[in-house]
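# Structural characterization, general
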There are 2 protein chains.
Amino acid sequence: MPRRKNQSRYVLLGLLDMRPMSGYDIKKILEFSFSDIWSESYGNIYPTLKAFLKDGLAEEKRVHQEGKPDRIVYSITPKGKKELTAWLKKPYEKRRVRDEFLMKLLFGYSLSREDNARLMESYLTLLRERVIWYRESTEALEKQGITDQKDLLEYLALLQGKMVQEAKIRWCEKSISMLREFGQ
Amino acid sequence: MPRRKNQSRYVLLGLLDMRPMSGYDIKKILEFSFSDIWSESYGNIYPTLKAFLKDGLAEEKRVHQEGKPDRIVYSITPKGKKELTAWLKKPYEKRRVRDEFLMKLLFGYSLSREDNARLMESYLTLLRERVIWYRESTEALEKQGITDQKDLLEYLALLQGKMVQEAKIRWCEKSISMLREFGQ
DNA sequence: AATTTTATATATCAATTTGATACATACCTA
DNA sequence: TAGGTATGTATCAAATTGATATATAAAATT
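Residues numbered from 1 in each chain as written. Chains lettered and ligands numbered in written order. Predicted model: local features only at pLDDT ≥ 70, side-chain atom pairs only at ≥ 80, totals over all residues. Heavy atoms only, no water.

The buried fraction of helix 5 (residues 100–107) of chain B amounts to 8 of the 8 residues, a majority that puts the element mostly inside the structure. Residues of helix 5 of chain B that are buried: Glu100, Phe101, Leu102, Met103, Lys104, Leu105, Leu106 and Phe107 of chain B. Summarising the contacts, the buried residues of helix 5 of chain B are in contact with helix 1 (7–18), helix 2 (23–32), helix 4 (78–89) and helix 7 (149–182) of chain A together with helix 6 (113–144) and helix 7 (149–182) of chain B. N-cap assignment for helix 5 of chain B: the residue whose side-chain oxygen lies 3.1 Å from the backbone N of Phe101 of chain B is Asp99 of chain B. (Buried < 20%, exposed > 50% of the residue type's maximum accessible area, 1.4 Å probe, protein only. Helix = DSSP H or I, 4+ residues; strand = E, 2+ residues; numbered from the N terminus. Contact = heavy atoms within 4.5 Å. Polar contact = N/O pair within 3.5 Å; in protein donor to acceptor, adjacent residues only side chain to side chain.)

Here you go:
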């Protein structure tokens, strides 16, 4: 009976440790705040939350709302917190990586240089949109003031996003001009 | 009967389009040259290659070797090339992202600042090792000379790796000093 | 000289995870 | 009034992983 890993489990525990949440909240916070860090599907979220109940890692509370469907809000238990801490202490392990954009770029040698340059321009547009969000978020936190380590870590995570996006933007700009120069 | 996506299929076709390869070759080239871009498991590679035969997207050739097990080398067919090109022309779609390091960092607010700083130092060590490989690879290509678009695209992919790693290193250095300053 | 580790190679499969969809309520807008 | 969007929970086939099994031979270690 080999033990398999389940990363989703720990990430969901970590989110519940931040504050009690419903499955829908989890999906939304991942899409909005952590969209470049972690993704998770409903097909994974809801069964995992059910499993937390069974294993005593979280508790549920049905919350009635006016004009909206009921929410099932999950809170982490001491047992859940213990399992989360054990995971946090384990060293970082590299896992799967999949960058569709770079793979397509590498395989695109049969296309024209101008086609590739235009492909990169559409990617650059996405990067520029995204970096605005990072700049606004980091600036907001700076102005608001970083009072505890939770704030500091959130700030650092945003900062990485900003710095990586900016590096990719510089790379895109350089690449586009190289593709067009090379065409001459 | 809804149509599902299968990214692996296209990436394996793209690799076979570069040159004929065995399943083992594919695993190795991904681990060595594309380790920050794409990962794929044997459990996915071998069944996909078999499926290519069935669908006429690739052909197999058994190659006997002295002192090593036989290899099964797959080559892309015109039909496979056509399917690959169709994929390459489809616009980039963002898919799953999972950065375990950043998630653990965000959840680590119960640990001490020094614990977090040390966690980042171990990550920084990995980044510094990796960036050396990127610097060597890009310099080697620069010296060798970029003669066709295939070279140029490979160079650009390496350049992104280098620039992103360097941005992460700068971020790590800044973060470590902020964590230690904040501790005062 | 015998043993262990490492590299080459294909293969399988339970567990994990995704992507798509279903269902229900309510608001907005064209 | 029909369509789109947001809030919510739920399911499941298909995609993908992580671990392991099997086999041969070179290289390193005891």
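The structure having been displayed, the exposition proceeds.
Chain B puts 71 residues into the contact, and the matching count from chain A is 71 residues. Three residues stand out in chain B for area buried against chain A, namely Arg98, Phe107 and Tyr109 of chain B, and they jointly supply 12% of the buried area on that side. Inspection of the chain B/chain A interface yields 6 salt bridges. Arg95 of chain B is the partner of Glu100 of chain A in a salt bridge, and the nearest nitrogen-oxygen pair spans 3.1 Å. For the side of chain B that touches chain A, the secondary-structure elements that each account for two or more residues are helix 1 (7–18), helix 4 (78–89), helix 5, helix 6 and helix 7 of chain B. Sorting elements by how many residues they give to the side of chain B that touches chain A places helix 7 of chain B first, with 21 residues. (Buried area = accessible area lost by both parts, 1.4 Å probe. Salt bridge = Lys/Arg side-chain N within 4 Å of Asp/Glu carboxyl O.)

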